[in-house]
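An overview of the molecular structure
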Amino acid sequence: MLSTIWFAVALVFVYFVVFFIIAWFMKNNSIVDIGWGLGFVLVAYFCLFYSGNYNFRTILVTTLVTIWGLRLFYHIIRRNWGKPEDYRYANFRREWGKWHDLRAFFQVFILQGLLTVLISASILIVSVSSQSGFKVYDFIGLAVWIIGFIFESVGDAQLKSFKSNPKNKGHVIQSGLWRYTRHPNYFGEATMWWGLFIIALSVKFGYIAVISPITTTLFLLFVSGVPLLEEKYKDRPEFQQYAKVTSKFIPLPRKKVNNI
């Protein structure tokens, strides 16, 4: 078990170092976002083949991570291709000045590598277990994962469609899933990792994998994702009204405020 974990950690480290080198040459740290989902796919397949546990549960988790990671990779590369560095990383580049490269290495790439390892806890624990057979946790976890995948993929698609209409320029999307949560895609991502954690409960020491969804949820809610976008739009009157009636994260019916 420990050898699988340490080799996975080393693999993730090398993976993000390679992305840092590419980003350094391109002068564009946005590519780290492209590598995010693929990093988990890499970990999942390494654990599957290295452990040799080709049971139903390990293959299920590997498949789910592959579906999520490849969809996210395609979504981000299609969104970012040919565009300048994302405003977040561009701000870092200005703020960090001469120390930018060093801080970017540790605070962007190595940090994402550390997060990848922590969030991969469910993958690691399931892959090193030889326990087979169906358990109720497997079906519950799969159902939760599907809900999360729907929220993330549909939410992204609805936002893309909204932005593609010139009439919506400068406006805030408030339809579809976005009517019930201001961040359906981030809610979906967190929910998928809670689903994988529930699947991990089917094996010995699976409860340790709770670090995976907790890390994901806290990071999205308080570090990256939700707070960055909320900060970006906070001064827009339309967003302020939207925020008054719409749940920040968990989908809920809209509040009744000012007949909105």
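Higher on the page you've got the structure.
What comes next concerns the included structure. Chains are numbered independently. Their residues run from 1 in the order of the written sequence. This being a predicted model, a pLDDT of at least 70 is required before a residue's local features are given, and a value of 80 or more before pairs of side-chain atoms are given or counted; all residues contribute to the totals for chains, interfaces and linings. Processing note: side-chain calculations cover all non-hydrogen atoms of the structure and skip hydrogens and water entirely.

1. So, the packing of aromatic side chains
A pair of aromatic rings is counted whenever rings of Phe, Tyr or Trp (Trp by its six-membered ring) have centres within 6.5 Å, and the orientation is called stacked for planes under 30 degrees apart, edge-to-face for over 60 and tilted otherwise. Scanning all chains against the criterion turns up 25 aromatic pairs. Centre to centre, the rings of Trp194 and Phe197 are 5.9 Å apart; their planes meet at 80°, and the pair counts as edge-to-face. Of this pair, Trp194 and Phe197 both sit in helix H8 (residues 184–200), three residues apart, which is roughly one turn of the helix. Under the relative-accessibility criterion, Trp194 is labelled partly exposed at 32%. Exposure is judged per residue with a 1.4 Å probe applied to protein chains only, and the accessible area is read against the type maximum: over 50% gives exposed, under 20% gives buried, and values in between give partly exposed. Phe197 sits in the buried class, given a relative accessible area of 11%. Centre to centre, the rings of Tyr233 and Phe239 are 6.1 Å apart; their planes meet at 35°, and the pair counts as tilted. Think of it this way: any DSSP run of H or I at least four residues long counts as a helix, any run of E at least two long counts as a strand, and we number them from the N terminus.

2. Observations regarding the layout of surface pockets
A volume near 220 Å³ is recorded for the second largest pocket. Residues are said to line a cavity or pocket when one of their atoms sits within 4 Å of a point; the points come from a 1 Å grid over protein atoms alone, cavities being sets where a 1.4 Å probe fits but cannot get out and pockets being open sets with protein on both sides within 12 Å along at least five of seven lines. Taken together, Phe19, Met26, Asn28, Ser30, Ile31, Ile34, Ile77, Asn80, Trp81, Gly82, Lys83 and Pro84 make up the lining of the second largest pocket. Those elements that provide at least two residues to the lining of the second largest pocket are helix H1 (2–26), helix H2 (31–51) and helix H3 (56–80). Its residues assigned to classes, the lining of the second largest pocket comprises seven nonpolar, four polar and one charged. Grid points are joined across faces, edges and corners, and a volume is the space filled by probe spheres set on the points. The residue classification treats Ala, Val, Leu, Ile, Met, Phe, Trp, Tyr, Cys and Pro as nonpolar and Asp, Glu, Lys and Arg as charged. All others, Gly included, are polar.

3. Points about a positive patch on the surface
Note that patches include only residues with greater than 30% relative accessible area and no salt bridge, and the join distances are 9 Å for like charges and 5 Å for nonpolar side chains (Val, Leu, Ile, Met, Phe, Trp, Tyr). Each accessible area value is a Shrake-Rupley result obtained with a 1.4 Å probe; residue values ignore everything except the protein chains displayed when judging cover. Salt-bridge detection follows one rule: a side-chain nitrogen of Lys or Arg within 4 Å of a carboxyl oxygen of Asp or Glu. Residues scored as charged are limited to Lys and Arg (positive) and Asp and Glu (negative), so that His and the chain ends carry no count. Positions of charges follow a simple convention, taking NZ of Lys, CZ of Arg, CG of Asp or CD of Glu. Where like charges cluster on the molecular surface, the positive patch consists of Arg79, Lys83, Lys163, Lys232 and Arg236. Note that Lys163 resides in helix H7 (residues 136–164).

4. Description of a nonpolar patch on the surface
Taken together, the side chains of Phe13, Val14, Val18, Ile21, Ile22, Trp24, Phe25 and Met26 define a hydrophobic patch exposed on the protein surface, amounting to about 790 Å² of accessible area. You can see Val18 is positioned in helix H1.

5. Quick look at H3
Expected helix span is taken as 1.5 Å per residue step, with the number of steps being one fewer than the number of residues. Taking 1.5 Å of rise per residue, the 25 residues of H3 would be expected to cover 36 Å, and the 36 Å separating its terminal C-alpha atoms lies within 8% of that figure. Gly82 sits one or two positions beyond H3 and adopts a positive phi of about 80°.

6. Re empty space enclosed by the protein
For the structure on display, the rule yields two cavities of 30 Å³ or more. Approximately 50 Å³ is the volume attributed to the largest cavity. What lines the largest cavity is simply Phe20, Ala23, Trp24, Lys27, Asn29, Arg93, His100, Asp101 and Ala104. Among the elements of the structure, H1 and helix H5 (100–119) are those that each provide at least two residues to the lining of the largest cavity. The calculated volume of the second largest cavity comes to roughly 30 Å³. Every residue lining the second largest cavity is listed: Val65, Trp68, Trp145, Met192, Trp193 and Leu196. Among the elements that line the lining of the second largest cavity, the one with the most residues is H8, at three residues. Here the residues of the lining of the second largest cavity are counted per class, giving six nonpolar, no polar and no charged.

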